[in-house]
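Examining the three-dimensional arrangement
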Amino acid sequence: MNLRLRTKVSLAFAVCIVGCMCFLTVVSCLLLKPVFVWQSRTRMTHYGTQIGEMLEQEDELQELLSSIYDSYLIHITIITDGDKIASTTEYLNGKAERIKDSPRLNNILQEFQAQEENPYIIERYNEEEQLRRLYYVRDLGNGCYIIMNKGIKGIEQSVQLVCLFLLCSGGITALLGTVAWNLMTRRYTNQIEEISRVTREIADLNFSQKIPCRGRDEIAVLAGSVNDLSTKLEKSIRDMCQELERRRELLRSLAHEIKTPLTTLRGYTENIQIVAADHPQVNRYCGIMLEECDSLDLLAKEMMEASSLDGGEHFYEKEWLQTETLADQVNQRIAREFPGVPIAAAWETGRGYANAYLLERVIFNYLGNAVKYRTPDTEIRLNCCFARGQFCIQVSSAGEPIPPDERDRIWEPFYKRDKSRQRSSGYGLGLFVVRQVADMCQGSVGLLSQGGQNTFYFNLPLPAELPPAT
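In what follows, the accompanying structure is described. Remember, it's a predicted structure, so these values are computed and weren't measured experimentally. Residue positions within a chain follow its written sequence, with the count starting from 1. The predicted origin of the model limits local features to residues at a pLDDT of at least 70 and limits the giving and counting of side-chain atom pairs to 80 or more, whereas totals for whole chains, interfaces and linings rest on all residues. Heavy atoms throughout the structure, all of them, feed into the side-chain values; hydrogens and water do not.

Looking now at the overall build of the protein. Counting from the N terminus, the helices are the DSSP runs of H or I reaching at least four residues and the strands are the DSSP runs of E reaching at least two. A tally of helices and strands in the protein yields nine helices and 12 strands. When contacts within the protein are restricted to residue pairs at least 6 apart in sequence, long-range pairs at least 24 apart make up 60% of them. Here the open area of atoms and residues is found with the Shrake-Rupley method and a 1.4 Å probe, where only the protein chains shown may cover a residue. When the accessible surface of the protein is summed, it comes to about 28,400 Å², and 55% of that surface belongs to carbon and sulfur atoms. Contacts are residue-level and defined by heavy atoms, with any inter-residue pair within 4.5 Å sufficient.

Our focus in this paragraph is the pattern of salt bridges. Any Lys or Arg side-chain nitrogen found within 4 Å of a carboxyl oxygen on Asp or Glu counts as a salt bridge. Tallied over the entire structure, the rule returns six salt bridges. Taking the shortest distance from any N to any O, the salt bridge between Arg 333 and Glu 337 comes out at 2.6 Å. Of the two residues, Arg 333 and Glu 337 are both situated in helix H7 (residues 323-337); the distance of four residues between them amounts to about one turn of the helix. Since its relative accessible area comes to 40%, Glu 337 is described here as partly exposed. Each of the salt bridges in this network shares a partner with another, and the network as a whole consists of Arg 333, Glu 337 and Glu 360. Partly exposed residues are those whose accessible area sits between 20% and 50% of the maximum for their type, while under 20% is buried and over 50% is exposed, using a 1.4 Å probe and protein chains only.

Moving on to the sheet that holds strand E11 (residues 444-450). Either a parallel or an antiparallel arrangement is found when strands of a sheet pair, and the pairing is made through backbone hydrogen bonds. In space, the five strands of this open sheet follow the order E7-E9-E10-E12-E11, with mixed pairing throughout. On the outer flanks of this sheet lie strand E7 (343-347) and E11, each paired with one strand and no other. Averaged over all adjacent pairs, the angle separating strand axes in this sheet is 15 degrees, with direction ignored. Across nine bridges, strand E10 (residues 390-398) lies against strand E12 (residues 453-461) in antiparallel orientation. Paired with Gln 390 across the two strands is Pro 461, which belongs to E12. Packing against the sheet, H7 makes contact with E7, strand E9 (380-387) and E10, and its axis sits at approximately 170 degrees to E7. Paired strands, as defined in this entry, are two strands with at least two bridges between them according to DSSP. Every axis in this analysis is a line fitted to C-alpha atoms, fitted for helices over the stretch in contact. Angles between the N-to-C directions lie between 0 and 180 degrees.

A word on the state of the cysteines. Only a pair of cysteine sulfur atoms within 2.5 Å counts as a disulfide in this structure description. Under the counting rule described, the total for this entry stands at zero disulfides. As a non-bridged cysteine, Cys 392 has Cys 385 as the owner of its nearest cysteine sulfur, 4.9 Å distant.

One turn of the α-helix equals 3.6 residues, which is why residues spaced by three or four share an orientation. With 15 residues, H7 ought to run about 21 Å at 1.5 Å a step, and its terminal C-alpha atoms sit 21 Å apart, in line with that. Buried within H7 are the following residues: Thr 323, Leu 326, Ala 327, Val 330 and Ile 334. Each buried residue of H7 sits inside an arc of 100 degrees when the element is viewed along its axis, so together they form one side. More than 90 degrees from the buried face of H7, the exposed residues found are Gln 332, Ala 335 and Arg 336. Helix span is expected to be 1.5 Å times the residue number reduced by one. Each C-beta atom gives one direction from the helix axis, and the arc is the one those directions make.

Before going further, it helps to examine the pairing of strand E3 (residues 120-125). Across six bridges, the pairing between E3 and strand E4 (residues 131-141) is antiparallel. Bridging across to E4, Ile 122 finds its partner in Tyr 135. The antiparallel pairing of E3 with E4 creates a hairpin that spans five residues between the two strands, and Glu 129 there sits at a positive phi of about 60 degrees.

Moving on: the sheet that holds strand E2 (residues 84-88). In spatial order, the strands read E2-E1-E5-E4-E3; together these five strands make up an open sheet with antiparallel pairing. Each edge of the open sheet carries a strand with a single partner, namely E2 and E3. On average, each strand axis in the sheet is inclined to that of its neighbour by 20 degrees, with strand direction left out of account. Alignment of strand E1 (residues 75-80) against strand E5 (residues 144-151), held across five bridges, turns out to be antiparallel. Note that in E5 the partner of Thr 77 across the bridge is Ile 147. Contacts between helix H4 (residues 153-203) and the sheet are confined to E4 and E5, with E5 contributing the most and set at about 35 degrees to the helix.

On to the packing of H7 against helix H8 (residues 356-373), then. Close contact between H7 and H8 brings their axes to 11 Å; oriented N to C, the two are set at 40 degrees. The orientation of H7 with respect to H8, classified from their angle, is oblique. Viewed along their axes, H7 and H8 form a crossing whose handedness is right-handed. The segment H7 lies against H8, with Leu 326, Gln 329, Val 330, Arg 333, Ile 334 and Glu 337 engaging Ala 356, Leu 359, Glu 360, Ile 363, Phe 364 and Leu 367. When residues are sorted by character, Ala, Val, Leu, Ile, Met, Phe, Trp, Tyr, Cys and Pro go into the nonpolar class, Asp, Glu, Lys and Arg into the charged class, and all the rest, Gly among them, into the polar class. Here the contact of H7 with H8 is built from residues that sort into eight nonpolar, one polar and three charged. The cut-offs work like this: below 35 degrees is roughly parallel, past 145 is roughly antiparallel, 65 to 115 is roughly perpendicular, and the gaps in between are oblique. The handedness criterion is simple: a crossing whose near helix is rotated anticlockwise from the far helix by less than a right angle is left-handed, and one whose near helix is rotated clockwise is right-handed.

Keep in mind these values describe shape, not function.
Pasting the structure below:
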């Protein structure tokens, strides 16, 4: 699912808020009740001491008792003379005046008297082992006691109310916060999306789009940097293309200019050979010169073709191909150009859409390379097949393994493994032309060298839907 940046940020913001509120709710459910109970115990202890100091001040004492009950719902009963109820905030049946008239308070007092702690806090639990009420008893001396108690049910209700409030406020905060976040960050997210769009255009070498820069913040600085990068890249690529075109033009011109003096040199050499027919040494020199003329003529043709392929000149039109037809043409040419060389060709029947001349050029560049560098008296294997949606050409021969550090360089123009640069080993353009054909056809080339076998391959992708045969 492809979501826009603003949507992703908004969802992340809302999830964070809701997650935080849920976490607070869980923490509240676990910790609020123990905190409230601890707070109630602390208050009872504090007010027990304060009431003990105010026993003689009846009016202030009644006001304090009422204030404590109103504020914290803590019931307080003061007992004098051992069993007389002097003051209480509880409702006792029959307006009991003695502690024995209230069995609950009487039991609490008896439990306190059985202990040796003063003050003493008693906790009462229900059948489910849940704390339900706290009792605080303090002996003030001279038969005076203070009994405080507070129900825990109210604390539990308060905790539930707090948890519900946190959940509801979390949802509302997430909703309102997301809306506010969208409104406040709209300008920044729009700029980021615009930067993303323009950078995709730059990746496609479209430099016409620019990002509007607003403000002086980091995003505006980033937008300005992207614009500067786009401008500099456009200029650099334009200059590079112009330089490449100048080099290609120079290569074409050089190859063309070689042709004229070469033709003249060949003509004069042939005339000399005719005139000096009776001079064997002159004839031998003329033969060498004609061989050199043939080599230079081949070099000029390869330079012209390499230049045209490097320039992306697509005058090599694709056509409907049957491998049987291509196999017949290749086999006939093999018989002409490599007589006596053991070449085993295997062809898989099928059809493809490519340029026959370029495929044939790839095959014979590979074969020529294999003939030059194979181990003498060994067979060369040519395999043309279809695999994984590709038309594959493989030429294998036995020979000296090519070191890994040279397997990338052999595809460079004019690179020769023979450091002596002997002309018999070629001009180093054959594999370069193969790589150019692969680049132009969106194919791939490579070399597998192991076990004394060198295998050059060329993979040409087939279209998803081949055009109808004509």
